[in-house]
Amino acid sequence: MTVLPILRWPDVRLATRCMPVGPVDDATARLAADMLETMYAAPGRGLAAPQVGVLRRIFVMDTTWKEGTRSPRVCIDPDILWMSDTRAEGPEGCLSIPGVTMQVRRAQAIRLRWTGLDGKLHEQELHDFDAICAQHEFDHLDGIVIFDRISPEARARALAEYET
């Protein structure tokens, strides 16, 4: 496994909608392993392929590893099927926008469908931090970063903080 370089905003690839991965093969499995290695080394809780310069619809996440239990998830060609009406606003950071935390409003629960490394479809309802992390990484696949999820005033403040 290899730790890959993480792109920093405003790299244009972070604003690009990704293409589907398609059938799972050895190259996909290697990419997923490298992305997990990169995420853990960063250290983050999620990482999307465009953050490492691969414009494909795949992300990895592990929301529990910092508490001592690893539970890696590899989501290939994911789709959010449903979002709860209940929203929560909380702090979010991004490995591609280091040093800046922004208050982002997200659905507290989602239903996510994805292809796993086993090539099979998986579907699960995610809640709270798992749901927020998945939404954040899913956004990356559509070329959306957390700067795009906040008010213009908050964005101006966050940009000033990021650029200093």
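Just so it is clear, the model here is predicted, and its values are computed rather than measured. (Residues numbered from 1 in each chain as written. Predicted model: local features only at pLDDT ≥ 70, side-chain atom pairs only at ≥ 80, totals over all residues. Heavy atoms only, no water.)

S.K.: If you had to explain the sheet that holds strand β6 (residues 109-115) to someone new, which residues and values would you point to?
M.R.: Strand order in this open sheet of five strands is β1-β2-β3-β6-β7, and the pairing throughout is antiparallel. Single-partner strands in this sheet number two, and they are β1 (46-48) and β7 (121-127). Direction aside, the axes of adjacent strands within the sheet are offset by 40° on average. Packed on one face of the sheet, helix α1 (residues 26-41) meets β1, β2 (58-61) and β3 (73-83) and runs near 40° to β2. Its contacts with the sheet put helix α2 (residues 128-141) on β1, β2, β3, β6 and β7, and the angle it makes with β2 is roughly 150°. (Pairing = 2+ DSSP bridges. Helix = DSSP H or I, 4+ residues; strand = E, 2+ residues; numbered from the N terminus. Axes fitted to C-alpha atoms, helices over the stretch in contact; angles between N-to-C directions. Contact = heavy atoms within 4.5 Å.)

S.K.: Requested: an account of the packing of aromatic side chains, with residues and values cited.
M.R.: A full pass over the atoms with the stated rule returns four aromatic pairs. Ring geometry for tyrosine 40 versus tryptophan 65: centroids 5.1 Å apart, planes at 80°, classification edge-to-face. Of the two residues, tyrosine 40 sits in helix α1 while tryptophan 65 sits in the loop between β2 and β3, which places them 25 residues apart along the sequence. Here tyrosine 40 and tryptophan 65 have matching classes, each one buried. For the pair phenylalanine 147 and tyrosine 162, a centre-to-centre distance of 6.1 Å together with 65° between the ring planes defines the contact as edge-to-face. Pair noted here: phenylalanine 147 is in the loop between α2 and α3 (152-163) and tyrosine 162 is in helix α3, with a separation of 15 residues, a long-range link. When sorted by exposure, phenylalanine 147 lands in the same class as tyrosine 162, which is buried. Following the ring pairs from residue to residue traces out a cluster consisting of Trp9, Phe147 and Tyr162. When the ring centre of phenylalanine 138 is taken as reference, the NZ or CZ atom of arginine 57 above it lies at 5.4 Å. (Phe/Tyr/Trp six-rings, centres within 6.5 Å; stacked < 30°, edge-to-face > 60°. Buried < 20%, exposed > 50% of the residue type's maximum accessible area, 1.4 Å probe, protein only. Lys NZ or Arg CZ within 6 Å of the ring centre and 35° of its normal.)

S.K.: Report on the pairing of β6, specifying residues and quantitative values.
M.R.: Along β6, five of the seven residues are buried, which leaves the element largely enclosed by surrounding structure. Direction of pairing for β3 relative to β6: antiparallel, over a ladder of five bridges. Counted as the bridge partner of tryptophan 82 is arginine 111 from β6. As paired strands, β6 and β7 are joined by seven bridges and run antiparallel to one another. Across the sheet, residue alanine 109 finds its bridge partner in β7, namely histidine 127. Between the end of β6 and the start of β7, which pair antiparallel, lie five residues, with glycine 119 showing a positive phi angle near 80°.

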